[in-house]
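# Observations on the model geometry
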Amino acid sequence: MDEITTEIDSLNSEVIDHMTNWVDMLGGGEIGRYVVAGVVLLFVFVLKRVLAHGVIGGLRKLAHQRKHSTAAHVLDAFEAPVQLLVILGGVYFAVEILDLPKNVDAVLFELIGIFATFSVFWALFRSIEPLAMSFNNLAGRFGGGLGDDLRQFFIRAVKTLIVVIGVVVLLENWGIDVSAFLGGLGLAGMAVALAAKDSVANIFGGLTILADNLYKRGDWIETPHFEGTVEVVGLRATKVRTFAKALVTMPNAQIVDSPVINWSRMTHRRIKMLIGVEYRTTADQIEKIVEDIRSFLKNDDDVAQTDVAQMVHLSDFGASSINIDLYYFTTTTDWVKWRDIRNRHIIAFKRIVEDNDAAFAFPSQSLYVETLPEKMPEDMANKANDDRAKTTRQIG
């Protein structure tokens, strides 16, 4: 490292010596220095454009031709910081040539150093997103939406780290003792850590969600607190759009500690249905209806035939009907398609019942009157007595 520093200092001295010779060739003096400084700045601006459009542009074009999109995007990110560094180099040599007062030189060199440091961290900051594109191959193993969430988390974390390190370096360049400052924050840090324990729990909750692949953006999830579609899986909280179109923001720690149903992970979608036929339907008719429904489901391409249950059975004698219980699954999990299939099946089941000369039962209630009022028409009273005051009325 010392050898590299020595070589750079030697090169710097040689360049300044050559520029001083140019000043002497122009007759020396203050005017000569300003002329050479102006030429240096002009040369630097030309060099900046050559680097931007020639060198970096050529390398970017070559990267695109060889389908190295990540390298091309990284070159795009480096372009502006590199131009700034070239300008700072020109300003540095111009200041050296002008031979300004020492106090002015010191201020200018310090500013040049600060901006040079800023340029380096600016280049790193801008290159994070292009470099994160290569992170997609690893993150993609967790699924498309979750991989994107992991990439965004990686980008935010690394960018934050670069900003923190950059600020520390700049403060050190300004002569501020950052280490002593950070050491003085020890007691305050303990207090902050205690106050931020919930935030830390949420961060670990977010990491748990990502690591366990609990859900990803676009998934339909249900918890004891809400149900809806995941929009954002953040470091601190998850944002879910409910079916009422309200946005719910829930801390990750609470989600991890609660049961979560991920409906988007369904392999099939279930249909449960109860068909009630009238009590006057004969046993033969009921057997034929059950057989026809089973045959219909077995030959329907939209109904799952393997790995899941498919059941059509008489379930019980209801209050006003004999009930046939249907339990089966569709091959699709899409909600709209599932509703279309259910709609088609209901019409088909009604046709099956009608084709077997049966009918659907409807809720009814029978009332038995044991006694009648004392004052009533004679003919009604005689009839009621003959029938033992038994009247049946159906309420539909």
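Computed from a predicted model, the values in this text were never measured in an experiment. (Residues numbered from 1 in each chain as written. Predicted model: local features only at pLDDT ≥ 70, side-chain atom pairs only at ≥ 80, totals over all residues. Heavy atoms only, no water.)

### Considerations on the packing of helix α11 (residues 283-298) against helix α12 (residues 335-355)
We apply this condition: Axis definition: a line fit to C-alpha positions, over the contact stretch in the case of helices; interaxial angles, taken between N-to-C directions, run 0 to 180 degrees. The helix and strand labels rest on DSSP assignments: H or I over at least four residues marks a helix, E over at least two residues marks a strand, and numbering proceeds from the N terminus. For any pair of crossing helices, the crossing counts as left-handed if the nearer helix is rotated counterclockwise from the farther one by less than a right angle, and right-handed if it is rotated clockwise. Two residues form a contact once any of their heavy atoms are found within 4.5 Å. Residue polarity is assigned by list, with Asp, Glu, Lys and Arg as charged and Ala, Val, Leu, Ile, Met, Phe, Trp, Tyr, Cys and Pro as nonpolar; anything else, Gly included, falls into the polar class.
For the pair α11 and α12, the least separation of the axes is 10 Å and the interaxial angle reads 145°. For α11 against α12, the interelement crossing comes out right-handed. Counting all contacts with α11, which are made through I289, D292, I293, F296 and L297, the residues of α12 involved are R344, H345, A348, F349, I352 and V353. Per-class residue counts for the contact of α11 with α12 are 8 nonpolar, 1 polar and 2 charged.

### Quick word on the packing of aromatic side chains
Aromatic ring pairs: the centre-centre distance and the angle between the two ring planes describe each pair. Short version of the rule: For Phe, Tyr and Trp, rings pair up if their centres lie within 6.5 Å, where Trp contributes its six-membered ring, and each pair is then called stacked (planes under 30 degrees apart), edge-to-face (over 60) or tilted (otherwise). A ring has a charge above it when a Lys NZ or an Arg CZ is no more than 6 Å from the ring centre and no more than 35 degrees off the ring normal.
On inspection of all chains with the given rule, the structure shows 6 aromatic pairs. Linked through ring pairs, W220, F243 and W263 together constitute an aromatic cluster. One Lys or Arg, R269, reaches over the ring of W338 and ends 5.4 Å from the middle of that ring. Here the basic side chain of R339 rests over the ring of W335, its NZ or CZ set 5.4 Å away from the ring centre.

### Details of the pattern of salt bridges
The condition that has to hold: Each reported salt bridge corresponds to a side-chain nitrogen of Lys or Arg within 4 Å of a carboxyl oxygen of Asp or Glu. Burial classes: relative accessible area under 20% of the type maximum marks a residue as buried, over 50% as exposed, and values in between as partly exposed (1.4 Å probe, protein chains only).
Applying the stated criterion across every chain yields a total of 8 salt bridges. K216 is paired through a salt bridge with D219; the nearest N and O atoms lie 3.5 Å apart. Given the relative accessible area of 4%, D219 is considered buried. A salt bridge links E354 to K350; its shortest N-O distance comes to 3.0 Å. Taken as a pair, E354 and K350 lie in helix α12 at a separation of 4 residues, close to a single helical turn. Take E354: its relative accessible area is 41%, and that puts it in the partly exposed class. Using a relative accessible area of 40% as the deciding quantity, one classes K350 as partly exposed. Salt bridges sharing partners connect three or more residues here, namely K216, D219 and R265.

### A few points about the nonpolar core
Quick reminder of the rule: To qualify as a nonpolar core, a set must consist of buried Ala, Val, Leu, Ile, Met, Phe, Trp, Tyr and Cys residues joined through side-chain atoms within 4.5 Å.
Membership of the largest hydrophobic core comes to 20 residues, with the highest contact counts inside it found for I289, I293, L326, Y328 and F349. Elements represented by at least two residues in this core include exactly β6 (269-277), α11, β8 (322-330) and α12. At 5 residues, α11 tops the list of elements feeding residues into this core. Among all residues touching I293, those that are not within four sequence positions of it are I275, V312, L326, F349 and I352. By size, the runner-up hydrophobic cluster in this structure holds 10 residues, among which are I221, F226, V230 and I255.

### Re the sheet that holds strand β1 (residues 220-222)
Convention followed: In this description, strands pair whenever DSSP reports at least two bridges between them.
Reading across from one edge, β4-β3-β2-β1-β5 is the order of the 5 strands in this open sheet, with antiparallel pairing throughout. Both outer strands of the open sheet, β4 (247-251) and β5 (261-262), are each paired with one neighbouring strand and no more. Here 5 bridges tie strand β3 (residues 237-242) to β4, and the two strands are oriented antiparallel to one another. For V240, the partnering residue across the bridge sits in β4 and is V248.

### With respect to the sheet that holds β6
Across the sheet, which stays open at both edges, the 3 strands sit in the order β6-β8-β7 with antiparallel pairing between neighbours. Of all the strands in the sheet, the pair left with one neighbour each is β6 and β7 (311-317). Taking each pair of neighbouring strands and ignoring which way they run, the sheet shows an average axis angle of 20°. Contacts between α11 and the sheet are confined to β6, β7 and β8, with β7 contributing the most and set at about 150° to the helix. On top of the sheet, α12 reaches β6 and β8; it is set at about 20° to β6, its chief contact.

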